[in-house]
Amino acid sequence: MLRKFKSWFDRTTPDELSFKPQTITVRNKEYLLRRMTEDDVDAALAIERRIYHDTPWDRYAFFSELRKVRHSLYLAVEDAGQLVALIGTWFTLSEAHVTNIAVDPAYQHMGLGRFLMQFMIGRAIDYGSQKMTLEVRTNNDIAKHLYRSLGFQDGKIKKGYYVSNHDDALDMYRPLP
């Protein structure tokens, strides 16, 4: 397994995970979709606080992930210059793993989460990943419904997965063509 993982990293170049900013339209509203940068970390943390009332990721985790540009893609959605949503995904030959997805509460139920997930599913297929995985809080029924509607299946429960409050996580996975 390590050899398979290493061979993917060896053949992946930064250009394969490059991303050019683009205007997207979700439910007749235009947004800017761009690569997330370190300048976005404070806004990302603020969104997470509004969603979770604590911070599952800290500043260090975001900075660390954003520096792994060779094997991950973190995207930000902007509305009028403000960060309103984000998604991060690691890519390997065997799987693409969604590490983080967050939509500001003022922008939830507007299709942004679905758009971001569908976008990353498409990227994972393009890279040849065999499946997509993620973890979700077991009590987050809205997110679980979204993921299931996108073809994700339930996996095992990870007890006490979330450090901040020891919530359990549900592993979910989606086979890719």
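In the nomenclature of an unreviewed UniProt entry, the chain is known as Alanine acetyltransferase of Lacticaseibacillus paracasei. Turning to the chain, the UniProt annotation filed under Sequence similarities (unreviewed entry) states: "Belongs to the acetyltransferase family. RimI subfamily."

This part is about the overall build of the chain. Broken down by element type, the chain carries five helices and eight strands. Of all 177 residues assigned to the chain, the portion counted as buried reaches 45%. Within the chain, counting contacts between residues at least 6 apart in sequence, those at least 24 apart form 60% of the total. When the accessible area of the chain is evaluated, it comes to approximately 9500 Å², of which 52% is carbon and sulfur surface.

Here we have eight strands laid out as an open sheet, ordered 1-2-3-4-5-6-8-7, and mixed in their pairing. The outermost strands of the open sheet, each flanked by one partner alone, are strand 1 (22-26) and strand 7 (153-158). Going across the sheet, the axis of each strand differs from the next one's by a mean of 30°, ignoring polarity. Most of the contacts of helix 4 (residues 112-127) go to strand 4 (residues 82-91), to which it runs at about 30°, and overall it touches strand 1, strand 2 (29-35), strand 3 (72-79), strand 4, strand 5 (95-103), strand 6 (131-137) and strand 8 (169-175).

Quick look at the environment of Ile24 now. Secondary-structure assignment places Ile24 in strand 1. C-alpha separation for the pair Ile24 and Phe115, spaced 91 residues apart in sequence, amounts to 9.5 Å. If we ignore the near neighbours within four places in the chain, the residues touching Ile24 are Lys29, Glu30, Tyr31, Leu33 and Phe115.

A word on the nonpolar core. Ranked by size, the top nonpolar core spans 36 residues in total, and within it Leu112, Met117, Met132, Tyr147 and Phe152 carry the most contacts. Examining the composition of this core, we find that eight residues originate from one element, helix 4, more than from any other. One finds Val41, Leu45, Tyr74 and Leu83 within the second-largest nonpolar core, a separate group that totals 13 residues.

Direction vectors running N to C along helix 2 (residues 41-52) and helix 3 (residues 59-66) enclose 125°, while the axes themselves pass 10 Å from each other. The angle between helix 2 and helix 3 places the two elements in the oblique class. Handedness of the crossing formed by helix 2 with helix 3: right-handed. Contacts between helix 2 and helix 3 involve Val41, Asp42, Ala44, Leu45 and Glu48 on the former and, on the latter, Arg59, Phe62, Phe63 and Leu66. Looking at the contact of helix 2 with helix 3, its residues break down into six nonpolar, no polar and three charged.

Where strand 1 meets strand 2, five bridges bridge the pair, whose relative direction is antiparallel. Pairing of Val26 across the sheet is with Lys29, part of strand 2. Adjacent in sequence and paired antiparallel, strand 1 and strand 2 are bridged by two residues, among which Arg27 carries a positive phi angle near 50°.

Calculation notes
Residues numbered from 1 in each chain as written. Predicted model: local features only at pLDDT ≥ 70, side-chain atom pairs only at ≥ 80, totals over all residues. Heavy atoms only, no water. UniProt positions renumbered as here; feature names shortened; annotations may be inferred. Helix = DSSP H or I, 4+ residues; strand = E, 2+ residues; numbered from the N terminus. Buried < 20%, exposed > 50% of the residue type's maximum accessible area, 1.4 Å probe, protein only. Contact = heavy atoms within 4.5 Å. Areas by Shrake-Rupley, 256 points an atom, 1.4 Å probe, with all protein chains shown as cover. Pairing = 2+ DSSP bridges. Axes fitted to C-alpha atoms, helices over the stretch in contact; angles between N-to-C directions. Core = buried A, V, L, I, M, F, W, Y, C linked by side-chain atoms within 4.5 Å. Parallel < 35°, antiparallel > 145°, perpendicular 65-115°, else oblique. Left-handed = near helix turned anticlockwise from the far one by under 90°. Nonpolar A, V, L, I, M, F, W, Y, C, P; charged D, E, K, R; others polar.

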